[in-house]
Amino acid sequence: MSRLSILCLVSFLITTSKADPFSNLEPVGTATLRVIFWALYDSTLFTPDGNYQGVEPGLTLQIDYRRKISRKDLINRTRDEWEKMDLYQQDSEQWINLLAEIWPDVQKGDQLAVQVTDSLGSNFYLNGEPAGTIQDSQFTHDFLAIFLSEKSSYPRLRNRLVGQSD
């Protein structure tokens, strides 16, 4: 193989591996989570057709952080929300441990996203780069319920994300 062919192949592989996993998605809704006076994050929900119909392959929740938040606080908040929604179950601590391996301390300007896989697992991205995967459809449903369930602690945020009026 000539040097030019190898260079083209390497260039193609690099370009393909860094392809935007959200490029074929349409936004459903956006919302900002505010607590008292502080905006914590902006969030956007995407689906392949721009319509929310529940958890389905391609559904992506993107969160753009406006404040520094520790991994510990993110994990504790996830656990608290599952407990409030009566979703905390036997597998929850195993999932919490996996999230602790995937999630960093987020800084102002960081972006975390979760995208539903074809098998209804969860691919996580940090600033557009793969961060980890949890291939358990129950985890995916329970995690996204924090943001998308009618039992969400933030019903206005949920309604905006799924494209409904307040």
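## Some thoughts on the packing of helix α2 (residues 71–84) against helix α4 (residues 137–148)
Orientation of α2 relative to α4, taken along the N-to-C sense of each, is 95°, at an axis distance of 9 Å. In terms of orientation, α2 lies roughly perpendicular with respect to α4. Between α2 and α4, the residues in contact are Thr78, Glu81 and Trp82 and Phe139, Asp142, Phe143 and Ile146, respectively. When its residues are assigned to classes, the contact of α2 with α4 shows 4 nonpolar, 1 polar and 2 charged.

## Let's talk about the side chain of Ser122
Locating Ser122 in the fold gives a position in strand β5 (residues 122–126). Of note is the side chain of Ser122, whose polar atom sits 2.6 Å from the side chain of Thr140. With residues near it in sequence (within four places) discarded, Ser122 still touches Val114, Gln115, Thr117, Gly132, Thr133, Ile134, Phe139 and Thr140.

## Considering the environment of Asp42
For Asp42, the position within the fold is in strand β2 (residues 38–47). Residue classification places Asp42 among the partly exposed positions, given a relative accessible area of 23%. Separated by 23 residues in the primary sequence, Asp42 and Tyr65 place their C-alpha atoms 6.5 Å from one another. Beyond its immediate sequence surroundings of up to four residues, Asp42 is in contact with Ala31, Thr32, Gln62, Ile63, Asp64 and Arg66.

## Quick look at the packing of aromatic side chains
Under the definition given, this model contains 11 aromatic pairs. The interplanar angle of 90° and the centroid separation of 6.2 Å between the aromatic rings of Trp82 and Phe139 together place this pair among those described as edge-to-face. Placement of Trp82 in helix α2 and of Phe139 in helix α4 is noted, with a sequence separation of 57 residues between them. For the ring pair Trp103 and Phe143, a centre distance of 5.8 Å and an interplane angle of 55° mean the geometry is tilted. Remark: Phe143 occurs in helix α4 and Trp103 occurs in the loop between α3 (92–102) and β4 (111–116); sequence separation between them is 40 residues. Residue classification places Phe143 among the buried residues on the basis of a relative accessible area of 5%. Through a chain of ring-to-ring contacts, the aromatic side chains of Trp82, Trp95, Trp103, Phe124, Phe139, Phe143 and Phe147 assemble into a single cluster.

## Structural notes on a nonpolar patch on the surface
A grouping of Val35, Ile36, Phe37 and Trp38 is seen on the molecular surface, where their side chains present a nonpolar patch of about 480 Å² in accessible area. With respect to the helices, strands and loops of the structure, Trp38 is situated in strand β2. Exposure remark for Trp38: the relative accessible area of 42% places this residue in the partly exposed category.

## Section: the sheet that holds strand β3 (residues 60–65)
Strand order in this open sheet of 6 strands is β1-β2-β3-β4-β5-β6, and the pairing throughout is antiparallel. Each having just a single partner strand, β1 (26–35) and β6 (129–134) make up the two edges of the open sheet. Looking at each pair of strands side by side, their axes are set apart by 20° on average, direction ignored. The sheet contact formed by β3 and β4 spans 5 bridges and is antiparallel. Within β4, the residue paired with Gln62 across the bridge is Ala113.

## With respect to the pairing of β6
Across 5 bridges, the pairing between β5 and β6 is antiparallel. Bridge pairing in β6 links Phe124 to Gly132. Between the antiparallel neighbours β5 and β6 lie 2 residues, among them Asn127 with a positive phi of about 50°.

## Overview of the pattern of salt bridges
Going through the model one piece at a time under the given rule, you end up with 5 salt bridges. For the salt bridge of Lys84 with Glu81, the shortest nitrogen-to-oxygen distance reads 3.6 Å. With Lys84 and Glu81 both in helix α2 and 3 residues apart, the pair spans about one turn of that helix. Taking relative accessible area as the criterion, Glu81 reaches 2% and is therefore assigned buried.

Calculation criteria
Residues numbered from 1 in each chain as written. Predicted model: local features only at pLDDT ≥ 70, side-chain atom pairs only at ≥ 80, totals over all residues. Heavy atoms only, no water. Axes fitted to C-alpha atoms, helices over the stretch in contact; angles between N-to-C directions. Helix = DSSP H or I, 4+ residues; strand = E, 2+ residues; numbered from the N terminus. Parallel < 35°, antiparallel > 145°, perpendicular 65-115°, else oblique. Contact = heavy atoms within 4.5 Å. Nonpolar A, V, L, I, M, F, W, Y, C, P; charged D, E, K, R; others polar. Polar contact = N/O pair within 3.5 Å; in protein donor to acceptor, adjacent residues only side chain to side chain. Buried < 20%, exposed > 50% of the residue type's maximum accessible area, 1.4 Å probe, protein only. Phe/Tyr/Trp six-rings, centres within 6.5 Å; stacked < 30°, edge-to-face > 60°. Patch = residues over 30% accessible without salt bridge, like charges linked within 9 Å, V, L, I, M, F, W, Y side chains within 5 Å. Areas by Shrake-Rupley, 256 points an atom, 1.4 Å probe, with all protein chains shown as cover. Salt bridge = Lys/Arg side-chain N within 4 Å of Asp/Glu carboxyl O. Pairing = 2+ DSSP bridges.

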